[in-house]
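Per-entry structural report
One-letter residues, chain by chain:
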Amino acid sequence: MSQRVLTTESGAPVADNQNSATAGAGGPLLLQDQHLLEKLARFNRERIPERVVHARGSGAYGHFEVTDDVTEFTYADFLSTVGRRTEVFVRFSTVADSLGGADAVRDPRGFAVKFYTEEGNYDLVGNNTPVFFIKDPIKFPDFIHSQKRDPFTGRQEPDNVWDFWAHSPEATHQVTWLMGDRGIPASYRHMNGYGSHTYQWTNSAGEAFFVKYHFKTNQGIRCLSAEQAAETVGRDANSHQTDLLQAVERGVRPSWTLYVQLMPAAEADGYRFNPFDLTKVWPHQDYPLRRVGRLVLDRNPDNVFAEVEQAAFSPNNFVPGIGPSPDKMLQGRLFAYADAHRYRLGVNHTQLAVNAPKATTARNYGRDGLMASNAQGRAAKNYEPNSYDGPAETGRPLSAPLAVAGHTGTHAAPPHTKDDDFFQAGELYRLMSAEEKSRLIANIAGGLSQVSRDDVIDKNLAHFHAADPEYGRRVEEAVRALRED
């Protein structure tokens, strides 16, 4: 069998891939060496802007199989039949660090699932925590700036981190999650995933239900202490990527069971706290978990850049039967995620293999732009409506309409009887064992004690006191002890 010929990008055969063309045997390089210039120019452009958040990630392909009938609550086709399988791509990530960061760090983890359904791609974009630090997207850029590297020192600064949290009491619940035992998962396989936001399901009768997603790991929860994490990072900064890659390669097939909580839409207004507040969970005694199906990963990407870095998830990619809720953070992300991908990858990023529909075909009137690959026949029209049998609207909304009332303006969320920034953080603390509480206190005090301003420390301590008196007292004592050393 003859060896295949190496060519330039235009297809011309390459005579020498070991030596550049020069003016004489020891002379300077020649500008006419097209192969050299092409290789260097492409090398300079091999990377794209990294994600502002969730930059460091890993991913795998697999499938989702429906195990329980949920047609009473949604007419989404891919959930319509027990036993139905849908191909998926899942991306896991850390949130705050850059692409070159380590995996085993104290940080929330992204948990994003792309379902390649026959009615289009459905993206479920969440985290490994059921809550988040803030409840309004207008605060998101400021929050991320406080957690990222300081523009002067070039490192994450405790002053910035805790100063923002001091002025954001709604973060207390997520801070308790992050500083607790689940703050550093042992691997991506050994953590849960959550949609985090509230979404909407609509059934065939037009009835609406608000829904929260819970992916429970079938491998069991495993986490690292701060000491174990430091050791892991020193041994392998790519520990989570290594674990996922090797597990799938050896046929382990990591899996999660999907459960949902469902709230009839009519109950939302009268619920005791705002059900669309991303800093709160719905208690299971109010809305029990209902099993839906099983998510299984069984194939690694062939190219991490093409399929993990260029994977684009956007929560506004819904399918019939599923839609948004009035969750303000979700509403902001409906715009921000898609816009981020248009910036990073270009307006035609949905034509890339990992992002394009697999079980159906995208048919629309988007044309041209950088890297366009959906060339149409010369008779195809690029406007609608038309008289040439082009794709047309269905007239059927994807989900039930959301009721709105009142005047436009910048409004705080309407108060419910038990809206509070601290009570769920206190409930979480009281659920912990004595050992878990001690580790939580040590983790919080380790960071808070490094803050240079006493008023910032005091503001944060007030949040922990408000969540639970014992919680606040123990954090205060631990911080004082560390600052006196």
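This text follows the structure it describes.
Described below are features of the structure shown in this document. (Residues numbered from 1 in each chain as written. Predicted model: local features only at pLDDT ≥ 70, side-chain atom pairs only at ≥ 80, totals over all residues. Heavy atoms only, no water.)

Our focus in this paragraph is the overall build of the chain. Helices and strands together make up the secondary structure of the chain, namely 12 helices and 10 strands. Computed over C-alpha atoms, the radius of gyration of the chain comes to 25 Å, within 12% of the 23 Å expected from 2.2 N^0.38 for 485 residues, which places it in the range of a compact globule. For the C-alpha atoms alone, the extent of the chain along its principal axes is close to 80 × 65 × 50 Å. Residues counted as buried form 47% of the 485 residues belonging to the chain. Just so you have it, the chain exposes about 24,800 Å², and 52% of that area is on carbon and sulfur atoms. Once the 52 positive and 61 negative side-chain charges of the chain are each reduced to a mean point, those two points are 3 Å apart. (Helix = DSSP H or I, 4+ residues; strand = E, 2+ residues; numbered from the N terminus. Rg over C-alpha atoms; globule rule 2.2 N^0.38 Å. Buried < 20%, exposed > 50% of the residue type's maximum accessible area, 1.4 Å probe, protein only. Areas by Shrake-Rupley, 256 points an atom, 1.4 Å probe, with all protein chains shown as cover. Lys, Arg positive; Asp, Glu negative; His and termini not counted. Charge placed at Lys NZ, Arg CZ, Asp CG, Glu CD.)

A few words now on unusual backbone geometry. Of all residues except glycine, most have a negative phi; of all peptide bonds, most are trans. Residue P385 follows E384 across a cis peptide bond; omega there is 5 degrees. Residue position: P385 is located in the loop between α8 (328–345) and α9 (423–431). Unlike most non-glycine residues, S196 shows phi in positive territory, near 65 degrees. The buried category is assigned to S196, whose relative accessible area is 9%. Of note, D368 is a non-glycine position whose phi angle comes to about 65 degrees, a positive value.

Taking 1.5 Å per residue, 16 residues should reach 22 Å; helix α12 (residues 469–484) reaches 23 Å between its end C-alpha atoms and fits that length. All of the buried residues along α12 are Y471, G472, V475 and V479. Taken end-on, α12 shows its buried residues confined to a sector of 90 degrees, consistent with a single buried face. Of the exposed residues in α12, those oriented more than 90 degrees away from the buried face are P469 and E484. Looking at the buried side of α12, the elements it contacts are α4 (172–179), α9, α10 (434–448) and α11 (454–467). (Expected span 1.5 Å × (residues − 1). Arc of directions from axis to C-beta. Contact = heavy atoms within 4.5 Å.)

Listing the buried residues of helix α6 (residues 239–249) in full gives S239, H240, D243, L244, A247 and V248. Buried positions in α6, seen along its axis, are confined to an arc of 150 degrees and lie on one side of it. Along its buried surface, α6 packs onto β1 (57–66), β2 (85–94), β3 (109–117), α5 (226–235) and β9 (290–299).

What follows deals with the pattern of salt bridges. Inspection of the entire model under this criterion finds 28 salt bridges. One salt bridge in this structure joins R51 and E309, with 3.8 Å as the shortest N-O distance. In this pair, R51 is assigned in the loop between α1 (34–44) and β1 and E309 in helix α7 (residues 304–309), connecting sequence segments 258 residues apart. This pair shows no difference in class: R51 is buried, exactly as E309 is. E118 is the partner of R84 in a salt bridge, and the nearest nitrogen-oxygen pair spans 3.6 Å. Taken together, the residues span a long stretch of sequence, with R84 in the loop between β1 and β2 and E118 in the loop between β3 and β4 (120–127) at a distance of 34 residues. Residue class for E118 comes out exposed when judged on its relative accessible area of 51%. Residues participating in the shared-partner salt-bridge network are K135, D277, K280 and D421. (Salt bridge = Lys/Arg side-chain N within 4 Å of Asp/Glu carboxyl O.)

Turning to the packing of helix α2 (residues 140–147) against helix α3 (residues 158–166), a few remarks are in order. Following both chains from N to C, one finds α2 and α3 inclined at 145 degrees, their axes separated by 7 Å at the closest point. Between α2, through D142, F143, S146 and Q147, and α3, the contact on the second element is made entirely by N160, V161, F164 and W165. Grouping the constituent residues of the contact of α2 with α3 by class yields four nonpolar, three polar and one charged. (Axes fitted to C-alpha atoms, helices over the stretch in contact; angles between N-to-C directions. Nonpolar A, V, L, I, M, F, W, Y, C, P; charged D, E, K, R; others polar.)

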